[in-house]
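Read off the chains here:
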Amino acid sequence: MTHLSRRDFLKLSASTFTGLAFSPFLPDLGTFDDTEKVRVATSSVSVYSAPNDQSRIVGQWFRDELVNIYEEVNAGAPAYNPIWYRVWGGYVHRGRLQKVKVLFNEPLKSFPEGTRQLAELTVPYTQAMRFTKTYGWQPNLRLYYGTVHWMDGIDEGPDGQPWYRILDELVKFPYHVPASHLRPIPFEEWAAIAPDVPLENKRIEVNLSTQVLTAYEYDKNVFQTTISSGIPSGRPSPKELSTKTPSGEFRILSKYPSKHMGNGNLFAGIEDYELPGVPWTSFFTETGVAFHGTYWHDNFGIPMSRGCVNMRIEEAKWLFRWARPFHKFDRIYTTGYGTLVMITP
(Lines give C-alpha, C1' and ligand atoms only; values in the text may rest on other atoms or scores of the structure.)
Protein backbone atom coordinates (compact mmCIF):
# COMPACT_ATOMS: atom_id res chain seq x y z
CA MET A 1 0.00 0.00 0.00
CA THR A 2 1.20 3.50 -0.75
CA HIS A 3 0.43 6.91 0.69
CA LEU A 4 -2.24 8.77 -1.26
CA SER A 5 -1.25 12.39 -1.73
CA ARG A 6 -3.72 15.19 -2.35
CA ARG A 7 -2.70 15.16 -6.03
CA ASP A 8 -3.22 11.39 -6.22
CA PHE A 9 -6.63 11.80 -4.61
CA LEU A 10 -7.72 14.37 -7.16
CA LYS A 11 -6.61 12.06 -9.96
CA LEU A 12 -8.52 9.17 -8.36
CA SER A 13 -11.63 11.32 -7.98
CA ALA A 14 -11.51 12.20 -11.65
CA SER A 15 -11.26 8.56 -12.70
CA THR A 16 -13.88 7.14 -10.35
CA PHE A 17 -16.35 9.88 -11.22
CA THR A 18 -15.93 9.53 -14.97
CA GLY A 19 -19.57 8.54 -15.11
CA LEU A 20 -20.50 11.77 -13.34
CA ALA A 21 -18.36 14.86 -13.76
CA PHE A 22 -16.93 13.95 -17.15
CA SER A 23 -19.92 12.22 -18.69
CA PRO A 24 -21.67 13.73 -21.72
CA PHE A 25 -24.91 12.87 -19.89
CA LEU A 26 -24.02 15.00 -16.88
CA PRO A 27 -21.73 17.85 -17.93
CA ASP A 28 -21.91 20.01 -14.81
CA LEU A 29 -22.33 18.67 -11.28
CA GLY A 30 -22.52 22.21 -9.96
CA THR A 31 -26.00 22.76 -11.41
CA PHE A 32 -29.30 21.04 -10.77
CA ASP A 33 -30.13 18.40 -13.35
CA ASP A 34 -33.54 16.71 -13.18
CA THR A 35 -33.01 14.45 -16.21
CA GLU A 36 -34.00 10.89 -15.48
CA LYS A 37 -30.95 8.66 -15.33
CA VAL A 38 -30.07 5.07 -14.65
CA ARG A 39 -26.86 3.50 -13.41
CA VAL A 40 -25.69 0.21 -14.92
CA ALA A 41 -25.81 -2.08 -11.88
CA THR A 42 -24.13 -5.15 -13.39
CA SER A 43 -20.97 -5.82 -15.39
CA SER A 44 -22.65 -4.78 -18.67
CA VAL A 45 -26.02 -4.42 -20.41
CA SER A 46 -26.87 -4.52 -24.10
CA VAL A 47 -28.63 -1.79 -26.06
CA TYR A 48 -31.18 -3.20 -28.54
CA SER A 49 -32.59 -1.65 -31.70
CA ALA A 50 -36.15 -2.33 -30.43
CA PRO A 51 -37.63 -2.96 -26.96
CA ASN A 52 -37.14 -6.72 -27.01
CA ASP A 53 -34.14 -9.02 -26.66
CA GLN A 54 -34.75 -10.62 -30.08
CA SER A 55 -33.84 -7.41 -31.89
CA ARG A 56 -30.37 -6.41 -33.03
CA ILE A 57 -27.80 -5.42 -30.39
CA VAL A 58 -26.53 -1.96 -31.28
CA GLY A 59 -24.44 -1.06 -28.25
CA GLN A 60 -23.33 -1.87 -24.74
CA TRP A 61 -23.06 -0.04 -21.42
CA PHE A 62 -20.79 -1.06 -18.55
CA ARG A 63 -21.00 -1.08 -14.75
CA ASP A 64 -21.60 2.32 -13.14
CA GLU A 65 -21.99 4.17 -16.41
CA LEU A 66 -24.85 6.67 -16.29
CA VAL A 67 -27.44 6.73 -19.05
CA ASN A 68 -30.16 9.29 -19.77
CA ILE A 69 -33.71 7.94 -20.09
CA TYR A 70 -35.78 9.55 -22.85
CA GLU A 71 -38.89 7.38 -22.47
CA GLU A 72 -40.28 4.40 -20.56
CA VAL A 73 -41.81 1.78 -22.84
CA ASN A 74 -44.12 -1.03 -21.74
CA ALA A 75 -43.26 -3.66 -24.32
CA GLY A 76 -45.46 -6.36 -22.80
CA ALA A 77 -42.53 -8.72 -22.27
CA PRO A 78 -41.11 -10.18 -20.20
CA ALA A 79 -44.50 -10.38 -18.48
CA TYR A 80 -43.14 -9.96 -14.93
CA ASN A 81 -41.11 -6.86 -15.86
CA PRO A 82 -42.10 -5.44 -19.28
CA ILE A 83 -40.48 -2.00 -18.90
CA TRP A 84 -37.77 -0.90 -21.30
CA TYR A 85 -35.99 2.45 -21.41
CA ARG A 86 -35.40 4.34 -24.64
CA VAL A 87 -31.83 5.61 -24.44
CA TRP A 88 -29.37 7.10 -26.89
CA GLY A 89 -29.26 4.74 -29.88
CA GLY A 90 -31.84 2.18 -28.79
CA TYR A 91 -33.55 0.42 -25.87
CA VAL A 92 -32.36 -1.22 -22.65
CA HIS A 93 -34.38 -3.47 -20.33
CA ARG A 94 -34.57 -2.04 -16.82
CA GLY A 95 -33.82 -5.31 -14.99
CA ARG A 96 -30.15 -4.60 -14.32
CA LEU A 97 -30.39 -0.82 -14.06
CA GLN A 98 -30.90 1.46 -11.06
CA LYS A 99 -32.78 4.74 -11.34
CA VAL A 100 -30.64 7.44 -9.74
CA LYS A 101 -30.51 11.17 -9.09
CA VAL A 102 -27.75 13.68 -8.42
CA LEU A 103 -28.72 15.59 -5.28
CA PHE A 104 -26.15 17.50 -3.24
CA ASN A 105 -26.68 18.30 0.44
CA GLU A 106 -25.60 21.08 2.75
CA PRO A 107 -23.18 19.55 5.29
CA LEU A 108 -24.11 19.65 8.96
CA LYS A 109 -22.31 22.41 10.83
CA SER A 110 -21.49 20.22 13.81
CA PHE A 111 -21.91 16.72 15.15
CA PRO A 112 -22.54 16.22 18.89
CA GLU A 113 -19.86 14.07 20.50
CA GLY A 114 -20.89 10.47 21.09
CA THR A 115 -23.95 10.56 18.82
CA ARG A 116 -24.74 8.98 15.48
CA GLN A 117 -27.06 9.93 12.63
CA LEU A 118 -28.56 7.83 9.85
CA ALA A 119 -28.13 9.14 6.30
CA GLU A 120 -28.82 8.07 2.71
CA LEU A 121 -26.58 8.46 -0.33
CA THR A 122 -28.11 10.87 -2.87
CA VAL A 123 -25.64 10.65 -5.76
CA PRO A 124 -25.26 7.71 -8.21
CA TYR A 125 -22.13 6.54 -6.39
CA THR A 126 -19.28 7.86 -4.33
CA GLN A 127 -15.79 6.68 -3.48
CA ALA A 128 -15.32 6.13 0.26
CA MET A 129 -11.86 6.81 1.67
CA ARG A 130 -10.07 5.59 4.77
CA PHE A 131 -7.34 7.45 6.63
CA THR A 132 -4.50 5.83 8.57
CA LYS A 133 -1.36 7.45 9.97
CA THR A 134 0.76 4.89 8.14
CA TYR A 135 -0.72 5.20 4.64
CA GLY A 136 -2.70 8.46 4.72
CA TRP A 137 -5.90 8.57 2.65
CA GLN A 138 -6.71 5.42 0.67
CA PRO A 139 -9.77 4.51 -1.42
CA ASN A 140 -11.79 1.53 -0.29
CA LEU A 141 -15.48 0.83 -0.87
CA ARG A 142 -17.70 2.33 -3.54
CA LEU A 143 -21.10 3.31 -2.12
CA TYR A 144 -24.27 3.58 -4.19
CA TYR A 145 -27.41 5.67 -4.49
CA GLY A 146 -30.07 4.72 -1.97
CA THR A 147 -27.71 3.01 0.47
CA VAL A 148 -28.07 3.96 4.13
CA HIS A 149 -25.18 4.62 6.51
CA TRP A 150 -24.50 5.61 10.10
CA MET A 151 -22.50 8.84 10.46
CA ASP A 152 -20.75 9.57 13.74
CA GLY A 153 -18.59 12.60 13.00
CA ILE A 154 -17.38 15.27 10.58
CA ASP A 155 -13.74 15.62 9.53
CA GLU A 156 -11.78 17.43 6.86
CA GLY A 157 -11.46 15.12 3.88
CA PRO A 158 -8.57 14.69 1.45
CA ASP A 159 -9.93 17.57 -0.67
CA GLY A 160 -10.14 19.95 2.29
CA GLN A 161 -13.96 19.76 2.38
CA PRO A 162 -16.24 18.32 5.10
CA TRP A 163 -16.49 14.53 5.00
CA TYR A 164 -18.70 12.43 7.26
CA ARG A 165 -17.10 9.64 9.24
CA ILE A 166 -19.03 6.40 8.60
CA LEU A 167 -19.60 3.80 11.30
CA ASP A 168 -19.73 0.43 9.54
CA GLU A 169 -21.28 -2.19 11.85
CA LEU A 170 -19.43 -5.07 10.12
CA VAL A 171 -16.03 -3.61 9.32
CA LYS A 172 -15.56 -1.78 12.65
CA PHE A 173 -13.05 0.58 11.03
CA PRO A 174 -14.31 4.07 10.15
CA TYR A 175 -14.15 5.43 6.62
CA HIS A 176 -15.22 8.75 5.14
CA VAL A 177 -17.63 10.03 2.49
CA PRO A 178 -18.06 13.60 1.12
CA ALA A 179 -20.68 15.27 3.30
CA SER A 180 -22.48 16.72 0.28
CA HIS A 181 -23.25 13.19 -0.92
CA LEU A 182 -25.26 12.13 2.15
CA ARG A 183 -28.65 13.33 3.37
CA PRO A 184 -29.30 12.97 7.11
CA ILE A 185 -32.59 11.11 7.61
CA PRO A 186 -34.84 12.64 10.28
CA PHE A 187 -36.14 10.01 12.67
CA GLU A 188 -39.76 10.84 11.85
CA GLU A 189 -39.08 9.47 8.33
CA TRP A 190 -38.40 6.01 9.69
CA ALA A 191 -40.38 5.94 12.93
CA ALA A 192 -42.83 3.08 13.58
CA ILE A 193 -45.97 2.70 11.47
CA ALA A 194 -49.18 1.49 13.19
CA PRO A 195 -47.46 0.91 16.54
CA ASP A 196 -50.82 0.44 18.30
CA VAL A 197 -51.71 -2.70 16.33
CA PRO A 198 -50.94 -5.70 18.60
CA LEU A 199 -48.21 -8.15 17.66
CA GLU A 200 -50.69 -10.96 16.96
CA ASN A 201 -52.65 -8.79 14.50
CA LYS A 202 -49.82 -8.15 12.06
CA ARG A 203 -48.35 -10.70 9.66
CA ILE A 204 -46.30 -10.83 6.46
CA GLU A 205 -47.05 -13.40 3.77
CA VAL A 206 -44.72 -14.19 0.85
CA ASN A 207 -45.77 -16.40 -2.05
CA LEU A 208 -42.64 -17.68 -3.77
CA SER A 209 -44.57 -18.89 -6.82
CA THR A 210 -46.05 -15.49 -7.59
CA GLN A 211 -43.20 -13.46 -6.03
CA VAL A 212 -45.73 -11.38 -4.11
CA LEU A 213 -45.44 -10.05 -0.55
CA THR A 214 -48.55 -8.99 1.38
CA ALA A 215 -48.80 -7.36 4.81
CA TYR A 216 -51.93 -7.80 6.90
CA GLU A 217 -53.46 -6.00 9.88
CA TYR A 218 -56.44 -7.77 11.48
CA ASP A 219 -56.56 -9.97 8.31
CA LYS A 220 -56.90 -6.84 6.16
CA ASN A 221 -54.45 -6.34 3.29
CA VAL A 222 -52.61 -3.06 4.04
CA PHE A 223 -49.63 -3.44 1.68
CA GLN A 224 -48.74 -5.59 -1.33
CA THR A 225 -45.86 -5.65 -3.78
CA THR A 226 -43.71 -7.87 -5.99
CA ILE A 227 -40.36 -9.07 -4.64
CA SER A 228 -37.35 -11.10 -5.75
CA SER A 229 -36.70 -14.14 -3.59
CA GLY A 230 -33.72 -16.50 -3.65
CA ILE A 231 -32.69 -18.30 -6.80
CA PRO A 232 -34.19 -21.80 -6.32
CA SER A 233 -31.14 -23.69 -7.61
CA GLY A 234 -30.26 -24.63 -4.05
CA ARG A 235 -26.77 -24.93 -2.57
CA PRO A 236 -23.95 -23.91 -4.97
CA SER A 237 -21.42 -26.03 -3.02
CA PRO A 238 -21.31 -27.95 0.29
CA LYS A 239 -19.49 -25.00 1.90
CA GLU A 240 -22.10 -22.43 0.85
CA LEU A 241 -25.59 -21.68 2.13
CA SER A 242 -28.54 -22.48 -0.10
CA THR A 243 -29.69 -19.66 -2.36
CA LYS A 244 -33.31 -20.83 -2.05
CA THR A 245 -35.55 -18.76 0.23
CA PRO A 246 -36.88 -21.11 2.91
CA SER A 247 -40.61 -21.71 3.25
CA GLY A 248 -42.47 -22.02 6.54
CA GLU A 249 -43.38 -19.81 9.49
CA PHE A 250 -40.85 -17.41 10.96
CA ARG A 251 -40.63 -14.26 13.08
CA ILE A 252 -38.76 -11.03 12.50
CA LEU A 253 -35.73 -11.54 14.75
CA SER A 254 -33.60 -8.44 14.23
CA LYS A 255 -33.60 -5.22 12.22
CA TYR A 256 -30.76 -3.07 10.87
CA PRO A 257 -31.53 0.23 9.13
CA SER A 258 -28.05 -0.13 7.60
CA LYS A 259 -26.41 -3.54 7.07
CA HIS A 260 -23.08 -4.39 5.50
CA MET A 261 -23.49 -7.68 3.63
CA GLY A 262 -20.39 -9.53 2.50
CA ASN A 263 -17.04 -10.35 4.08
CA GLY A 264 -16.17 -6.85 5.26
CA ASN A 265 -13.27 -6.40 2.85
CA LEU A 266 -12.63 -2.65 2.70
CA PHE A 267 -10.63 -3.00 -0.50
CA ALA A 268 -12.99 -5.28 -2.42
CA GLY A 269 -13.40 -4.70 -6.16
CA ILE A 270 -16.69 -3.48 -7.57
CA GLU A 271 -17.45 -6.96 -8.96
CA ASP A 272 -17.01 -8.63 -5.55
CA TYR A 273 -19.91 -9.56 -3.25
CA GLU A 274 -19.44 -6.66 -0.86
CA LEU A 275 -22.59 -4.64 -0.18
CA PRO A 276 -22.18 -1.89 2.42
CA GLY A 277 -25.20 0.09 3.55
CA VAL A 278 -27.92 -2.36 2.49
CA PRO A 279 -31.00 -0.40 3.57
CA TRP A 280 -33.88 -1.34 5.86
CA THR A 281 -32.92 -4.94 6.64
CA SER A 282 -35.26 -7.17 8.64
CA PHE A 283 -33.88 -10.65 9.42
CA PHE A 284 -36.31 -13.53 9.95
CA THR A 285 -34.00 -16.59 10.16
CA GLU A 286 -30.94 -17.26 12.28
CA THR A 287 -28.99 -18.11 9.11
CA GLY A 288 -29.31 -14.51 7.87
CA VAL A 289 -32.31 -14.52 5.52
CA ALA A 290 -33.92 -11.08 5.48
CA PHE A 291 -36.18 -8.57 3.79
CA HIS A 292 -34.12 -5.62 2.58
CA GLY A 293 -33.91 -2.79 0.09
CA THR A 294 -32.07 -3.55 -3.15
CA TYR A 295 -29.97 -1.17 -5.23
CA TRP A 296 -28.29 -3.64 -7.61
CA HIS A 297 -31.27 -4.54 -9.80
CA ASP A 298 -34.81 -3.50 -10.77
CA ASN A 299 -36.04 -6.93 -11.78
CA PHE A 300 -38.73 -7.66 -9.20
CA GLY A 301 -41.17 -10.46 -9.91
CA ILE A 302 -38.55 -13.17 -10.48
CA PRO A 303 -36.03 -14.86 -8.12
CA MET A 304 -32.76 -12.90 -8.08
CA SER A 305 -31.14 -13.21 -4.65
CA ARG A 306 -28.87 -15.49 -2.66
CA GLY A 307 -31.78 -16.36 -0.36
CA CYS A 308 -33.01 -13.04 0.99
CA VAL A 309 -36.18 -11.29 -0.12
CA ASN A 310 -35.15 -8.34 -2.30
CA MET A 311 -37.47 -5.33 -2.20
CA ARG A 312 -37.56 -1.84 -3.67
CA ILE A 313 -35.85 0.49 -1.21
CA GLU A 314 -38.92 2.56 -0.27
CA GLU A 315 -41.02 -0.58 0.15
CA ALA A 316 -38.40 -2.25 2.36
CA LYS A 317 -38.37 0.96 4.41
CA TRP A 318 -42.16 0.75 4.86
CA LEU A 319 -41.91 -2.88 5.98
CA PHE A 320 -39.04 -2.04 8.35
CA ARG A 321 -41.14 0.69 9.97
CA TRP A 322 -44.31 -1.39 10.14
CA ALA A 323 -43.00 -4.73 11.40
CA ARG A 324 -42.14 -5.47 15.02
CA PRO A 325 -39.81 -5.19 16.88
CA PHE A 326 -39.85 -1.42 16.46
CA HIS A 327 -36.47 0.20 16.07
CA LYS A 328 -35.10 2.74 18.53
CA PHE A 329 -33.66 5.98 17.22
CA ASP A 330 -29.88 5.55 17.52
CA ARG A 331 -29.56 1.76 17.81
CA ILE A 332 -27.36 0.01 15.25
CA TYR A 333 -29.77 -2.91 15.41
CA THR A 334 -32.84 -4.09 17.32
CA THR A 335 -33.72 -7.63 18.33
CA GLY A 336 -36.90 -9.20 19.66
CA TYR A 337 -39.82 -11.53 19.08
CA GLY A 338 -41.29 -9.82 16.04
CA THR A 339 -43.96 -9.95 13.38
CA LEU A 340 -45.07 -13.31 11.99
CA VAL A 341 -43.64 -14.18 8.55
CA MET A 342 -45.37 -16.89 6.51
CA ILE A 343 -43.61 -18.05 3.32
CA THR A 344 -45.30 -20.49 0.96
CA PRO A 345 -43.64 -22.28 -1.99
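Residues numbered from 1 in each chain as written. Predicted model: local features only at pLDDT ≥ 70, side-chain atom pairs only at ≥ 80, totals over all residues. Heavy atoms only, no water.

### A word on the sheet that holds strand S8 (residues 97-100)
In step 1: Strand order in the open sheet formed by three strands is S4-S1-S8, with antiparallel pairing between adjacent strands. In this open sheet, the two strands that pair with only one neighbour each are strand S4 (66-68) and S8. Shown here is a sheet whose adjacent strand axes are inclined to one another by a mean of 35°, direction ignored.
In step 2: One ladder, built from four bridges, connects strand S1 (residues 37-40) with S8; its direction is antiparallel. Note that in S8 the partner of Val 38 across the bridge is Lys 99. (Pairing = 2+ DSSP bridges. Helix = DSSP H or I, 4+ residues; strand = E, 2+ residues; numbered from the N terminus. Axes fitted to C-alpha atoms, helices over the stretch in contact; angles between N-to-C directions.)

### Quick notes on the packing of aromatic side chains
Centre distance and the angle of the planes are the two values used to describe a pair of aromatic rings.
In step 1: Applying the stated criterion across every chain, the model contains 17 aromatic pairs.
In step 2: On the basis of an interplanar angle of 80° and a centroid distance of 5.8 Å, the ring pair of Tyr 48 and Trp 84 is categorised as edge-to-face. One end of the pair, Tyr 48, is in strand S2 (residues 44-48); the other, Trp 84, is in strand S6 (residues 83-87), with 36 residues separating them in the sequence. Accessibility assignment for this pair places Tyr 48 and Trp 84 in one class, buried.
In step 3: Where Tyr 295 meets Trp 296, the ring centres are 4.8 Å apart and the plane angle is 80°; that geometry is what we call edge-to-face.
In step 4: When its relative accessible area of 3% is taken as the criterion, Tyr 295 is described as buried.
In step 5: Among the residues examined, Trp 296 registers a relative accessible area of 18% and is labelled buried.
In step 6: Following the ring pairs from residue to residue traces out a cluster consisting of Trp 150, Phe 187, Trp 190, Trp 280, Phe 320 and Phe 329.
In step 7: Seen from the ring of Tyr 216, Arg 203 lies directly overhead, with NZ or CZ sitting 4.2 Å from the centre. (Phe/Tyr/Trp six-rings, centres within 6.5 Å; stacked < 30°, edge-to-face > 60°. Buried < 20%, exposed > 50% of the residue type's maximum accessible area, 1.4 Å probe, protein only. Lys NZ or Arg CZ within 6 Å of the ring centre and 35° of its normal.)

### Re empty space enclosed by the protein
In step 1: In total, this model carries two cavities of 30 Å³ or more according to the counting rule given.
In step 2: Each pocket or cavity is described by its volume, and for the largest cavity that value is around 60 Å³.
In step 3: Around the largest cavity, the lining is made up of 13 residues, and of these His 149, Leu 167, Asp 168, Ser 258 and Gly 277 lie nearest the centre.
In step 4: Mapped onto the lining of the largest cavity, the elements with two or more residues apiece are strand S12 (148-156), strand S13 (162-167), strand S20 (254-262) and strand S21 (274-283).
In step 5: Of the residues in the lining of the largest cavity, the class split is six nonpolar, four polar and three charged.
In step 6: Counted as a void, the second largest cavity has a volume near 40 Å³.
In step 7: Considering the residues around the second largest cavity, the lining is formed by Glu 120, Gly 146, Val 148, Ile 185, Trp 280, Ile 313, Glu 314 and Lys 317.
In step 8: Broken down by element, the lining of the second largest cavity gets its largest block of residues, three residues, from helix H2 (residues 313-322). (1 Å grid on protein atoms, 1.4 Å probe; cavity = no way out; pocket = protein on both sides within 12 Å on 5 of 7 lines; lining within 4 Å. Points joined across faces, edges and corners; volume = space filled by probe spheres on them. Nonpolar A, V, L, I, M, F, W, Y, C, P; charged D, E, K, R; others polar.)

### Description of the environment of Val 341
In step 1: Position of Val 341 among the secondary structure elements: in strand S25 (residues 340-344).
In step 2: Relative accessible area serves as the criterion here: at 0%, Val 341 is assigned to the buried category.
In step 3: Each C-alpha atom, one on Val 341 and one on Lys 202, is 9.3 Å from the other, the two residues being 139 residues apart in sequence.
In step 4: Those residues within four positions of Val 341 in sequence are excluded, and the remaining contacts are Ile 204, Gly 248, Glu 249, Phe 250, Ile 252, Phe 284 and Phe 291. (Contact = heavy atoms within 4.5 Å.)

### A closer look at the sheet that holds strand S16 (residues 202-207)
In step 1: Reading across from one edge, S18-S17-S16-S25-S19 is the order of the five strands in this open sheet, with mixed pairing throughout. The strands lining the two open edges of the sheet, one partner per strand, are strand S18 (220-226) and strand S19 (248-251). Within this sheet the neighbouring strands show an average axis-to-axis angle of 20°, counted without direction.
In step 2: Sheet topology note: the S16/strand S17 (residues 212-217) ladder contains six bridges and is antiparallel. Paired with Asn 207 across the strands is Val 212, a residue of S17.
In step 3: Its contacts with the sheet place H2 against S16, S17 and S18, and it is angled at close to 145° to S18.

### Regarding the pattern of salt bridges
In step 1: On inspection of all chains with the given rule, the structure shows 15 salt bridges.
In step 2: Its salt-bridge partner being Lys 259, residue Glu 169 comes within 3.3 Å of it at the nearest N-O pair. Linking Glu 169 in the loop between S13 and strand S14 (175-178) with Lys 259 in strand S20, this pair joins segments that are 90 residues apart in sequence. Like Lys 259, Glu 169 is buried.
In step 3: Note that Glu 205 is salt-bridged to Arg 203, the shortest N-O span being 2.8 Å.
In step 4: Residue Glu 205 is classed as partly exposed on the basis of its relative accessible area, which comes to 25%.
In step 5: Linked by salt bridges that have partners in common, Glu 120, Arg 183, Glu 189 and Lys 317 make up one network. (Salt bridge = Lys/Arg side-chain N within 4 Å of Asp/Glu carboxyl O.)

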